[in-house]
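Examining the three-dimensional arrangement
Okay, here's what each chain looks like letter by letter:
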Amino acid sequence: MKRRQFVKHASALPLAAGLISSTPAANAALLPEFKWKMVTTWPRNFPGLGMGANYLANLIDQMSGGRLKISIYGANELVAPLDVFDAVAEGRAQMGHGAAFYWKDTIRAAQFFAAVPFGMTAQEMNAWLYQGEGMELWQELYDPYGIVPHACGNTGVQMGGWFNREINSSADLQGLKIRIPGLGGEVFKRLGAEPVLLPGDEIFHALEQGEIDAAEWAAPYNDVALGLYKAAKYYYYPGWHEPGTTIECLINKDALAQLPKDLKAIVKSAMRVANQEMLAELTAKNNRALQHLLNVHKVQLCKFPDEVLSQLKLASISVLQEELEKDPRAIKIFESYDRFRQQAAAWHDLSELAYMQARDLT
Ligand code: CA
């Protein structure tokens with residue numbers, strides 16, 4: 001009798017005090033809730049990139065049972081597309097979604113965490129970030145700005161871009177005004193071109209109006225969305241300048257510190273999932289979009305001549321060397337990056353590359 005009374009008492013007490021409920025949902029309701037803003041460099045709902053931001057926010061909402069809700073702001077809705085880094089650093093938004101080369105005027109060495117000409121592919125980059133020193137170096141670089149970065153998507157190898165004239169030799173790059181961000185732009189400059197940095201939503205107008213002669217954006221699925229095929233007819237490959245561009249999620253360090261442990265783990269895991277999901281989506285959709293461009297819009301597909309690629313590669317080596325002089329923080333990052341690239345490439349030469357060549361044999 002006594003024991004039965006005790007059991008009854010013990011189970012009734014917390015319920016009566018309102019501390020514990022019998023349903024998990026009601027328990028979650030007692031935990032603190034957070035509302036964050038995420039600013040992005042992409043137009044709202046932009047295929048692939050903007051949708052990647054949506055995917056991340058939805059995933060965090062679901063995984064946290066609604067305890068961390070993230071409102072997304074597309075380009076220019078809260079801040080200008082290239083001000084995302086500053087907005088997160090200053091706490092005007094808790095989160096940002098973009099790519100590290102967009103902030104090169106603030107933090108030059110950041111470019112190595114977006115894309116390096118003739119550098120690592122998506123698979124190699126993720127291996128460096130998660131299994132090498134990449135993530136640690138990236139976080140160390142952004143720490144003085146009060147930002148914690150994470151990989152949150154990858155485009156895979158991009159296209160070389162849209163040109164309104166043919167590129168038959170490196171001499172044709174002289175005076176070419178081309179929209180291209182990051183280190184690829186510096187390489188083009190070395191060969192006499194004039195690189196211009198424009199956010200995605202300004203590219204079509206500039207190309208159509210003849211303010212620029214060429215523009216690179218991403219790969220077919222994303223490029224169709226910008227309508228670039230209506231503004232230039234030659235579509236060049238390969239994307240030597242962006243062989244596996246990492247899309248970046250920025251988190252304000254103070255905002256992250258306020259989250260309880262489980263939400264921190266949810267945010268981190270959701271970014272890993274979003275990183276993988278974007279690459280899968282673009283791999284699935286790029287060729288379909290390319291066929292549409294070729295068959296319906298009669299776009300002319302062109303490969304950069306080997307001479308042009310050789311010159312670009314040669315120029316890339318000296319551009320990377322100069323970057324290390326311009327921003328000493330890049331030295332340690334590039335040493336680690338290049339060491340990892342060499343060993344990954346050695347393996348991939350006799351795995352991925354040899355296999356793809358074998359697959360293409362007739
Ligand atoms: Ca690009």
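Our subject is the structure that appears above.
Every value quoted in this text rests on a predicted model; they were computed, and no experiment measured them. (Residues numbered from 1 in each chain as written. Predicted model: local features only at pLDDT ≥ 70, side-chain atom pairs only at ≥ 80, totals over all residues. Heavy atoms only, no water.)

Thoughts on the overall build of the chain
Scanning the chain from terminus to terminus reveals 13 helices and 11 strands. When the 362 residues of the chain are sorted by exposure, 50% land in the buried category. Counting only contacts in the chain whose residues sit at least 6 apart along the sequence, the fraction spanning at least 24 positions is 77%. By element, 54% of the accessible surface of the chain is carried by carbon and sulfur atoms, the whole surface being about 17,200 Å². Both charge centroids of the chain, one from 35 positive and one from 40 negative side chains, sit 11 Å from each other. (Helix = DSSP H or I, 4+ residues; strand = E, 2+ residues; numbered from the N terminus. Buried < 20%, exposed > 50% of the residue type's maximum accessible area, 1.4 Å probe, protein only. Contact = heavy atoms within 4.5 Å. Areas by Shrake-Rupley, 256 points an atom, 1.4 Å probe, with all protein chains shown as cover. Lys, Arg positive; Asp, Glu negative; His and termini not counted. Charge placed at Lys NZ, Arg CZ, Asp CG, Glu CD.)

A few points about the sheet that holds strand S2 (residues 68-73)
Strand order in the open sheet made by the 5 strands is S2-S1-S3-S10-S4, with mixed pairing throughout. In this open sheet, the two strands that pair with only one neighbour each are S2 and strand S4 (147-154). Neighbour-to-neighbour, the strand axes of the sheet open up by a mean angle of 25 degrees, direction not taken into account. Where strand S1 (residues 34-40) meets S2, 6 bridges bridge the pair, whose relative direction is parallel. Its bridge partner lying in S2, Lys37 is registered against Ser71. Contacts from helix H6 (residues 134-142) reach S4 and strand S10 (246-252) within the one sheet, and its direction differs from that of S4 by about 135 degrees. (Pairing = 2+ DSSP bridges. Axes fitted to C-alpha atoms, helices over the stretch in contact; angles between N-to-C directions.)

Examining the sheet that holds strand S6 (residues 177-179)
The pairing of strands in a sheet comes from backbone hydrogen bonds and takes either a parallel or an antiparallel form. Read from one edge to the other, the open sheet built from 6 strands follows the order S7-S6-S8-S5-S9-S11, with strand pairing classed as mixed. Strand pairing shows two members of the sheet lacking a second neighbour, strand S7 (194-196) and strand S11 (300-303), which therefore form its edges. Of the pairings in the sheet, the one linking strand S5 (residues 161-163) to strand S9 (residues 234-237) comprises 3 bridges and is antiparallel in character. Bridge pairing in S9 places Gly161 opposite Tyr236.

Here's the deal with the coordination of the calcium ion
All of the protein donors around the calcium ion are Gln158 (OE1), Glu216 (OE), Glu216 (OE), Trp217 (O), Glu242 (OE) and Glu242 (OE); their distances to the metal are 2.2 to 3.2 Å. Every donor residue of the calcium ion comes from the same chain, spaced as Q-x57-E-W-x24-E. One end of the pair, Gln158, is in the loop between S4 and S5; the other, Glu242, is in the loop between S9 and S10, with 84 residues separating them in the sequence. Glu242 carries the same exposure label as Gln158, and that label is buried. (Donors = N, O, S within 2.8 Å, 3.2 Å for Na, K, Ca; no water.)

Here's the deal with the nonpolar core
Counting residues in hydrophobic clusters, the biggest one holds 87 residues, and the most contacted among them are Trp128, Tyr142, Phe163 and Trp217. Ranked by residue count, the leading element in this core is helix H12 (residues 306-326), at 7 residues. Among all residues touching Tyr142, those that are not within four sequence positions of it are Phe85, Ala100, Trp103, Ile107, Ala110, Ile147, Pro149, Glu248 and Leu250. Grouped together as the second largest cluster of nonpolar side chains are 25 residues, Phe34, Ala57, Leu256 and Leu263 included. (Core = buried A, V, L, I, M, F, W, Y, C linked by side-chain atoms within 4.5 Å.)

Here we look at unusual backbone geometry
What is expected of a backbone is that most residues other than glycine have negative phi and most peptide bonds are trans. Of note, the amide linkage connecting Tyr237 to Pro238 takes the cis form, showing an omega dihedral of -5 degrees. Relative to the elements of secondary structure, Pro238 occurs in the loop between S9 and S10. Even without a glycine there, the phi angle at Asn76 is positive, about 70 degrees. Relative to the helices and strands, Asn76 is located in the loop between S2 and helix H4 (84-89). On the accessibility criterion, Asn76 (48% relative accessible area) is partly exposed. One non-glycine residue, Lys298, lies in the positive phi region at around 55 degrees. On the secondary structure map, Lys298 appears in the loop between helix H11 (261-295) and S11. For Lys298, a relative accessible area of 63% translates into the label exposed.

Here we look at the state of the cysteines
Disulfides are covalent bonds that link the sulfur atoms of two cysteine residues. Inspection of every chain in the model, using the stated rule, returns 0 disulfides. The thiol of Cys249 is not disulfide-bonded; the next cysteine sulfur, from Cys152, is found 4.6 Å away. Look at Cys249 and you get buried, because its relative accessible area is 0%. (Disulfide = S-S within 2.5 Å.)

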